Amino acid sequence: MTEAFDVVDIIRTKRDGGTLSVAEIDWVVDAYTRGVVADEQMSALAMAIFLRGMDRGEIARWTAAMIASGERMDFSGLSRPTADKHSTGGVGDKITLPLAPLVAVFDVAVPQLSGRGLGHTGGTLDKLEAIPGWRADLDNDAILRQLEDIGAVICAAGTGLAPADKKLYALRDTTGTVEAIPLIASSIMSKKIAEGTGSLVLDVKVGSGAFMKDIDAARELARTMVALGTDAGVRTTALLTDMSTPLGLTAGNGLEVRESVEVLAGGGPADVVELTVALAREMLDAAGRTDADPRAALADGRAMDVWRRMISAQGGDPDAPLPTAKETETITAQEDGVLTRLDAYAVGVCAWRLGAGRARQGDAVQAAAGVELHAKPGDRVTAGQPLLTMHTDTPERFDRARQALEGGIDIGASDEGVRAGEVVLEKIAG
Ligand code: URA
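Residues numbered from 1 in each chain as written. Predicted model: local features only at pLDDT ≥ 70, side-chain atom pairs only at ≥ 80, totals over all residues. Heavy atoms only, no water.

Participant: Would you mind going over the overall build of the chain with me for this structure?
Facilitator: Tallying secondary structure elements over the chain gives 16 helices and 13 strands in all. By the compact-globule yardstick of 22 Å for 430 residues, the chain fits well, its C-alpha radius of gyration being 22 Å. Viewed in the frame of its principal axes, the chain has a C-alpha envelope of about 70 × 45 × 40 Å. The burial tally for the chain puts 53% of its 430 residues in the buried class. Once local pairs closer than 6 in sequence are excluded, the contacts in the chain between residues at least 24 apart make up 79%. When the accessible surface of the chain is split by element, carbon and sulfur atoms take 49% of a total near 17,100 Å². Here the chain carries 44 positive and 63 negative side-chain charges, and the mean point of each set is 2 Å from the other. (Helix = DSSP H or I, 4+ residues; strand = E, 2+ residues; numbered from the N terminus. Rg over C-alpha atoms; globule rule 2.2 N^0.38 Å. Buried < 20%, exposed > 50% of the residue type's maximum accessible area, 1.4 Å probe, protein only. Contact = heavy atoms within 4.5 Å. Areas by Shrake-Rupley, 256 points an atom, 1.4 Å probe, with all protein chains shown as cover. Lys, Arg positive; Asp, Glu negative; His and termini not counted. Charge placed at Lys NZ, Arg CZ, Asp CG, Glu CD.)

Participant: Looking at this model, I keep getting lost on the packing of aromatic side chains. Mind explaining?
Facilitator: In this description, a pair of aromatic rings is defined by centroid distance and the angle of the planes. Following the criterion strictly, the structure yields one aromatic pair and no others. Between Phe5 and Trp27, the ring centres sit 6.0 Å apart and the planes meet at 55 degrees, which makes this aromatic pair tilted. Here the residue Phe5 occupies a position in the segment before helix H1 (7–15), and Trp27 occupies one in helix H2 (residues 22–34), the gap between them amounting to 22 residues. Its guanidinium or amino end placed over the ring of Tyr169, Lys191 lies 5.9 Å from that ring's centre, counting from NZ or CZ. (Phe/Tyr/Trp six-rings, centres within 6.5 Å; stacked < 30°, edge-to-face > 60°. Lys NZ or Arg CZ within 6 Å of the ring centre and 35° of its normal.)

Participant: Explain the sheet that holds strand S10 (residues 380–381) here, please?
Facilitator: Either a parallel or an antiparallel arrangement is found when strands of a sheet pair, and the pairing is made through backbone hydrogen bonds. Ordered by their spatial adjacency, three strands build an open sheet running S10-S8-S12, and the pairing between neighbours is antiparallel. Edge positions in the open sheet fall to S10 and strand S12 (409–412), since each of these has one partner strand only. Both strand S8 (residues 337–342) and S12 contribute to a ladder of four bridges, which runs antiparallel. Paired with Val338 across the bridge in S12 is Gly412. (Pairing = 2+ DSSP bridges.)

Participant: How do you make sense of the pattern of salt bridges when you look at a structure like this?
Facilitator: Pairs can form between side chains of opposite charge whenever their charged atoms are close. Inspection of the entire model under this criterion finds 29 salt bridges. Among the salt bridges present, the one from Lys14 reaches Glu58, with a minimum N-O distance of 3.0 Å. Within this pair, whereas Lys14 is found in helix H1, its partner Glu58 is found in helix H4 (residues 56–68), the two being separated by 44 residues in sequence. Neither Lys14 nor Glu58 differs from the other in exposure class; each is buried. A salt bridge links Arg61 to Asp26, with the nearest nitrogen and oxygen atoms 2.6 Å apart. Of the two residues, Arg61 sits in helix H4 while Asp26 sits in helix H2, which places them 35 residues apart along the sequence. Within the structure, one salt-bridge network assembled from shared partners comprises Arg116, Asp126, Glu129 and Arg358. (Salt bridge = Lys/Arg side-chain N within 4 Å of Asp/Glu carboxyl O.)

Participant: Hey, could you run me through the sheet that holds strand S9 (residues 370–373) in this one?
Facilitator: Pairing is antiparallel across the open sheet formed by four strands, whose spatial order is S6-S9-S11-S7. Strand pairing shows two members of the sheet lacking a second neighbour, strand S6 (250–251) and strand S7 (327–332), which therefore form its edges. Strands S6, S9 and strand S11 (386–392) of the sheet are contacted by helix H15 (residues 344–356), whose axis makes an angle of about 135 degrees with S9. (Axes fitted to C-alpha atoms, helices over the stretch in contact; angles between N-to-C directions.)

Participant: When you look at the UniProt feature "domain: Pyrimidine nucleoside phosphorylase C-terminal" (unreviewed entry) in the chain in this model, what are you seeing that I'm missing?
Facilitator: Under the UniProt annotation, the feature "domain: Pyrimidine nucleoside phosphorylase C-terminal" (unreviewed entry) is placed at residues 338–412. Here residues 338–412 is 27% helix and 29% strand, with 5 Å between the C-alpha atoms at its ends. (UniProt positions renumbered as here; feature names shortened; annotations may be inferred.)

Participant: Please explain the domain arrangement of the chain as it appears in this structure.
Facilitator: By convention, interface size is frequently given as the accessible area that disappears when the constituent parts associate. The assigned domain composition of the chain is domain 1 (7–53), domain 2 (83–320) and domain 3 (327–412). Computed from C-alpha coordinates alone, the two centres of domain 2 and domain 3 are separated by 24 Å. The interface is formed by 25 residues belonging to domain 2 together with 26 residues belonging to domain 3. The junction of domain 2 with domain 3 conceals about 1,800 Å² of combined surface from both sides, 57% of it contributed by carbon and sulfur atoms. Here domain 2 is connected to domain 3 by three salt bridges. The partner of Glu372 in a salt bridge is Arg258, and the shortest N-O contact between them spans 3.2 Å. At the junction of domain 2 and domain 3, the tally comes to 14 residue pairs in polar contact (both at pLDDT 80 or more). (Domains from an automatic or database assignment. Buried area = accessible area lost by both parts, 1.4 Å probe. Polar contact = N/O pair within 3.5 Å; in protein donor to acceptor, adjacent residues only side chain to side chain.)

Participant: What should I look at first to understand the site of the ligand in this one?
Facilitator: Around the ligand sit Tyr169, Arg172, Ile184, Ser187, Ile188, Lys191 and Phe211, and that is every residue in its neighbourhood. Within the contact set of the ligand, an oxygen atom lies 2.9 Å away from a side-chain nitrogen or oxygen of Arg172. The separation between an oxygen atom of the ligand and a polar side-chain atom of Lys191 is 2.5 Å. For the ligand, whose unbound accessible area comes to 240 Å², protein coverage reaches 89%. A per-element tally of the shell around the ligand places helix H9 (residues 181–195) first, with four residues. For the shell around the ligand, the class distribution of residues is four nonpolar, one polar and two charged. (Near = heavy atom within 4 Å. Nonpolar A, V, L, I, M, F, W, Y, C, P; charged D, E, K, R; others polar.)

As C-alpha cells, this is what we get:
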C-alpha cells in the first residue's frame, strides 16, 4: 500500500510549531496503529506535541482518529439513560466504588470501564480484585445485561476501544510525554466517547498526587475535555478537586474497598462522602434525575443493596472478609502541633512501594498492602501519636516505603493556611 504521507514531514511540521492538517492526523494515527509508523517516530511526534501543543481543532481530530481506530459501544438499547465518571487519577481515589452503585439507585445505568494502576496512583480494578472471587473481565453482552439488570458495572475496558490510545499511552509512559494536555485530553475522551455514554462527569485532580500540579493547568485540561465531549454529543461537565493530600484515610487496594463499604453503609470519611455525593449529583443532573437525593441513598442502604448485587454478579462475595497484611508498622508524630501537610504523592509512593501498586505493566499487586492514615491536615497531634500505619505482606519493603514519606509530613504551630477538608474546588460546565 502506498502511504499518503511521510511521517518525518509530519514530525518536522509539529517540531517547528506548525498545525497538522485533518488528513495528516487521520493518517498518522492510523499508520501508527497499523505499525507503519514506528514507535521511535511516534515518540518524536509525541514529544513535539508535548513541547509545541495542539490547537482545539487538532485535538478534536486527534481524538476522532483514535476513536476510529477501534470499536464503539452502543448503550442506546438500554431502558435507562447512561452516565459515567472519569477521574484523572489520584491517591486514595476509591470514589468509583461507592459512586457507581449510588447513581444506579436512581435508575441510571453506570458503565464504569476501568483500568489498573500504574505508578503511584491506584487502579479501580486492582482495588475490586481484593474482593474474593470478583472478576474484572466481562464481554460486551455481559456488560449490557448487567447494566439492564442491576444498573451498574465496573469492569475492564476491552481491547477494542481506541486501540491507538492503548499503544500510544504505553509509549508515552516510557518517553516522558504523559503530561501533555492535548495527549491526556484526547486519550481520556477517545475512550469515553467510544464507550458510548450519554453523559460524563470528569473529576480532574489538582495537586501533588495528580498529573496536574496547579489549578491553571487542571482548568485548561478540564475545559479541553469538556469541549471534546460536548462537541461529540456527550453531556460533559468537570469538577476540579483537591489531590494535595490523599482522599479519605486509606491508600491501597483492600483498604480502599473497606473504606468504600463504610461509605456505602452511611459512614466513612467526610471528604470521600462529600466527593461521592458531589459527583453523583452531577451525573444525576446530566441524566435528567434532578430531584434525586444521593446522600439519602447512602444513609438508608439503597446504594449498599446495589453494591452487593453488582459485586455478586461478577463472582465476588460481598460478605467475605477482605485480606489483611501479614505485617504493619506505624509512624508517629515527632512533636506536638498541627498536621499542616500530608503529601498525596509521598503517601502514594509509600503505598506503591509497600506492594499496592506495580512497577511494570503485568506485575502482581498485593491486595492487603497500603497506607492507613490516622490524622489528616488540620488535625492537632501530640508527640508519639500514630500518624499512619503501613501494611504489607513483605516487610523488607518497609525501609523504602518509609523513605518515600521523608519531606512529605509537616507539623506546625497552628492551622493557619491549612485548607482542610475542602475537596471540590471548581466546576467547569459544558
Ligand atoms: N489517563 C488516560 O487514560 N490517559 C492519559 O493520558 C492520562 C490519564
